[in-house]
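Single-letter residue listing:
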Amino acid sequence: MNDNKISIKAPAKINLSLDVLGKREDGYHEVKMIMTTVDLSDRVELTLLEEDRITIESTGGFVPLDQRNLAYQAALLLKKTFGVKKGVGIHIAKNIPVAAGLAGGSSDAAAALKGLNEIWKLGLSLDELAVLGAKIGSDVSFCVYGGTAIASGRGEHIQHIKAPPPCWVLLAKPPIGVSTAEVYRRLDTKTIDHPDIDAMVHAIETNNYEGVCGQLGNVLETVTLPLYPEVKQIKDQMHRLGADGVLMSGSGPTVFGLFQHESRVNRVYNGLRGFCHEVYAVRLLGEGQEDFKY
Ligand SMILES: C[C@@](CO)(OP(=O)(O)O)[C@H](O)COP(=O)(O)OP(=O)(O)OC[C@H]1O[C@@H](n2ccc(N)nc2=O)[C@H](O)[C@@H]1O
Ligand SMILES: Nc1ncnc2c1ncn2[C@@H]1O[C@H](COP(=O)(O)OP(=O)(O)O)[C@@H](O)[C@H]1O
């Protein structure tokens with residue numbers, strides 16, 4: 001590695017279980033979720049600049065290239081908090097669909113925190129970076145660690161758990177972007193059926209793949225599915241084609257299916273391609289990234 005340049009892997013997440021316990025005084029919602037990383041990643045390249053400025057560029061469309069970019073915000077936060085006078089050039093090779101419920105922006109921010117910690121020689125621990133990450137967005141703390149975890153609070157309290165049984169994940173994203181804020185705003189917390197998070201944790205801890213598939217649940221589906229019927233159609237189609245378990249990730253609109261057998265994931269991938277333009281067949285990453293550099 002060149003000391004002036006670093007390349008960090010920024011993987012997407014899915015929510016195997018997502019429950020909302022109520023609305024908080026600060027406007028956020030109290031959540032309990034099981035999150036895990038999948039092998040669909042952006043690559044965040046950081047180049048040390050001697051002058052005091054932040055530049056940002058990205059290969060993907062739909063990504064803001066200014067202060068609204070979450071990786072830019074990560075750099076600004078570290079600069080302000082630690083009085084850093086050097087700068088950085090941020091380049092994001094974008095592979096994760098944007099506004100998809102896969103935390104692409106949060107993962108880019110987490111990658112920027114980890115990479116800048118190195119090139120600006122800040123000496124911060126992952127725990128310290130995760131606390132800083134929560135100031136950028138609720139999902140950033142989880143993304144700092146990756147792996148598999150129970151996230152609570154507004155998403156920033158992270159309890160690591162074992163990786164789920166290894167499997168294939170088929171991600172299908174219809175051509176719509178969903179606003180996370182709007183989905184939370186429309187959620188009726190009084191009438192939802194809560195998923196059994198403890199049962200999901202037990203299934204994961206006991207390596208029970210059928211149990212994991214049987215316990216998938218996401219209360220935000222009660223908002224996004226009626227708003228966007230195409231999401232429900234993709235869910236139904238994945239079930240019909242033979243996924244072992246199917247759920248919407250986060251606030252959507254991406255739907256994921258779980259598969260144990262490669263032959264079946266390939267068949268369903270081909271079946272969905274005619275129906276949905278953006279489909280990805282990936283593996284669960286499961287474990288945290290000890291080595292997150294590219
Ligand atoms: C739904 C989830 C599930 O993992 O993911 P995505 O669908 O965004 O990937 C997260 O809770 C999203 O986290 P993130 O996208 O970081 O949200 P933030 O930027 O912090 O917040 C965006 C907006 O969502 C609402 N919000 C977010 C988190 C939370 N616990 N309660 C909320 O009410 C707030 O209105 C907030 O202004
Ligand atoms: N680096 C980034 N990559 C993607 N989106 C970003 C980024 N920085 C800011 N955003 C903004 O964050 C919002 C949410 O994007 P994203 O993190 O991809 O989705 P989600 O919150 O659904 O998981 C989008 O509206 C996008 O404009």
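Nothing here was measured: the structure is a model prediction, and the numbers come from that model.

Q: It is not clear to me how the pattern of salt bridges should be interpreted in this structure. Could you clarify?
A: Opposite charge on two side chains permits pairing when their charged atoms draw close. Enumeration over the complete set of coordinates arrives at 17 salt bridges. Counted as one network, the salt bridges with shared partners bring together Arg24, Asp26 and Glu30.

Q: Would you explain the domain arrangement of the protein in this entry?
A: As a measure of interface size, the accessible area lost when the parts come together is often cited. The domain architecture assigned to the protein consists of domain 1 (5-160) and domain 2 (168-283). Averaged C-alpha coordinates put domain 1 and domain 2 at centres separated by 23 Å. The interface of domain 1 with domain 2 comprises 25 residues on the first partner and 36 residues on the second. For the domain 1 and domain 2 pair, buried surface summed over both sides reaches about 2300 Å², with 67% attributable to carbon and sulfur atoms. Summed over the three residues of domain 1 that lose the most area to domain 2, namely Leu16, Leu18 and Val20, the buried surface amounts to 24% of that side. Between domain 1 and domain 2 we count zero salt bridges in total.

Q: Explain helix α3 (residues 126-133) to me, please; I cannot follow it from the model alone.
A: The α-helix winds at 3.6 residues per turn, so residues separated by three or four positions along the chain end up facing the same way. Inspection of α3 places Leu129, Ala130, Leu132 and Gly133 among the buried residues, and these make up the whole buried set. Each buried residue of α3 lies within a common arc of 160° when the element is viewed along its axis, so the set occupies one face. On its buried side, α3 packs onto α1 (70-82), α2 (104-119) and α4 (140-145).

Q: Just to check I follow, could you spell out the site of ligand 2 for this structure?
A: Taken together, 18 residues form the shell around ligand 2, and within it Leu70, Gly101, Ala103, Gly105 and Asp108 come nearest. Contact between ligand 2 and Asn69: a nitrogen atom at 3.1 Å from a side-chain N or O atom of the residue. Leu102 is positioned such that a nitrogen or oxygen atom in its backbone is 3.3 Å from an oxygen atom of ligand 2. Out of a free accessible area of 540 Å², ligand 2 has 78% covered by protein chains. Element by element, the count of residues in the shell around ligand 2 is highest for α2, at four residues. Of the residues contributing to the shell around ligand 2, the split by class is nine nonpolar, six polar and three charged.

Q: Where do I start with the packing of helix α9 (residues 229-241) against helix α10 (residues 262-273) in this structure?
A: Angle between the axes and distance between the axes: these two values describe a pair of packed helices. The contact between α9 and α10 brings their axes to 10 Å, and the two run at 140°. As summarised for this structure, α9 and α10 are arranged oblique, according to the angle between their axes. For the pair α9 and α10, the crossing hand works out as right-handed. Together, Gln237, Met238 and Leu241 of α9 and Arg267, Val268, Gly271 and Leu272 of α10 make up the contact between the two elements.

Q: Sorry, what's going on with the UniProt feature "active site" (unreviewed entry) in the protein here?
A: Under the local residue numbering, the UniProt record ascribes the feature "active site" (unreviewed entry) to Lys13 and Asp139. A compact arrangement is adopted by the annotated residues: their sequence extent is 127 residues, whereas the largest C-alpha distance between any two is 9.4 Å. On the basis of relative accessibility, which here comes to 3%, the residue Lys13 falls in the buried class. Excluding its chain neighbours within four sequence positions, the residues that come into contact with Lys13 are Met35, Thr36, Thr37, Gly101, Leu102, Ala103, Asp139, Phe142, Ser249 and Gly250. Of note is the side chain of Lys13, whose polar atom sits 2.6 Å from the side chain of Asn15. As for its position among the elements, Asp139 is in the loop between α3 and α4. Once residues lying within four places of it in the same chain are set aside, the contact partners of Asp139 are Lys13, Met33, Met35, Ala103 and Ser106.

The rules we used
- Residues numbered from 1 in each chain as written.
- Chains lettered and ligands numbered in written order.
- Predicted model: local features only at pLDDT ≥ 70, side-chain atom pairs only at ≥ 80, totals over all residues.
- Heavy atoms only, no water.
- Salt bridge = Lys/Arg side-chain N within 4 Å of Asp/Glu carboxyl O.
- Domains from an automatic or database assignment.
- Contact = heavy atoms within 4.5 Å.
- Buried area = accessible area lost by both parts, 1.4 Å probe.
- Buried < 20%, exposed > 50% of the residue type's maximum accessible area, 1.4 Å probe, protein only.
- Helix = DSSP H or I, 4+ residues; strand = E, 2+ residues; numbered from the N terminus.
- Arc of directions from axis to C-beta.
- Near = heavy atom within 4 Å.
- Polar contact = N/O pair within 3.5 Å; in protein donor to acceptor, adjacent residues only side chain to side chain.
- Areas by Shrake-Rupley, 256 points an atom, 1.4 Å probe, with all protein chains shown as cover.
- Nonpolar A, V, L, I, M, F, W, Y, C, P; charged D, E, K, R; others polar.
- Axes fitted to C-alpha atoms, helices over the stretch in contact; angles between N-to-C directions.
- Parallel < 35°, antiparallel > 145°, perpendicular 65-115°, else oblique.
- Left-handed = near helix turned anticlockwise from the far one by under 90°.
- UniProt positions renumbered as here; feature names shortened; annotations may be inferred.

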